[in-house]
Amino acid sequence: MTTYPIDEFWQLSQRCGFVPKAVHLVPRNELDERYAYFFLAREPIEQLVTKP
C-alpha cells in the first residue's frame, strides 16, 4: 500500500491537473488507520491547454 502525507498528495494532484476541493479524514480505528477521502475537480481541457 502506498501512503502520502496530505500536503504531498495535494501537490501531486495539482501537478496532474486536479484542483483540490476537500478532504475527509477517517478517524483511526481497528479497521481504518491511514485513510482520507479527497474530493478533486479537473479543469476543462481548454483551460489546461491555454495555461502558460
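Trainee: With reference to specific residues and values, describe the overall build of the protein chain.
Mentor: The number of helices and strands found in the protein chain is two helices and two strands. Shown N-terminal to C-terminal, the secondary structure of the protein chain runs as helices and strands in the order α-β-β-α. Counting only residues that meet the buried cut, the protein chain has 10% of its 52 residues in that class. Per element, the accessible surface of the protein chain, about 4,700 Å² overall, is 56% carbon and sulfur.

Trainee: So, a nonpolar patch on the surface: which residues are in play, and what are the values?
Mentor: Judged by side-chain polarity, Ile6, Val23 and Leu25 come together as a nonpolar surface patch covering roughly 240 Å² of accessible area. Looking at the element boundaries, Leu25 is found in strand β1 (residues 18–25).

Cut-off values and rules
One numbering rule holds for all chains: residues counted from 1, following each sequence as written. Given that the model is predicted, a residue must reach a pLDDT of at least 70 before its local features are reported, and side-chain atom pairs must reach 80 or more before they are shown or counted; all residues, however, enter totals for whole chains, interfaces and linings. Excluding hydrogens and water, the side-chain values take into account all heavy atoms of the structure. Numbering of helices and strands runs from the N terminus, with a helix taken as a DSSP run of H or I at least four residues long and a strand as a DSSP run of E at least two residues long. Remark: exposure states derive from per-residue accessible area (1.4 Å probe, protein chains only) relative to the maximum for the residue type, with buried under 20%, exposed over 50%, and partly exposed in between. Per-residue and other accessible areas follow the Shrake-Rupley method at a 1.4 Å probe size, with only the shown protein chains counted as cover for residues. Note on patches: the residues involved have over 30% relative accessible area and no salt bridge, like charges join within 9 Å, and the nonpolar side chains Val, Leu, Ile, Met, Phe, Trp and Tyr join within 5 Å. By definition here, a salt bridge exists when the distance from a side-chain nitrogen of Lys or Arg to a carboxyl oxygen of Asp or Glu is within 4 Å.

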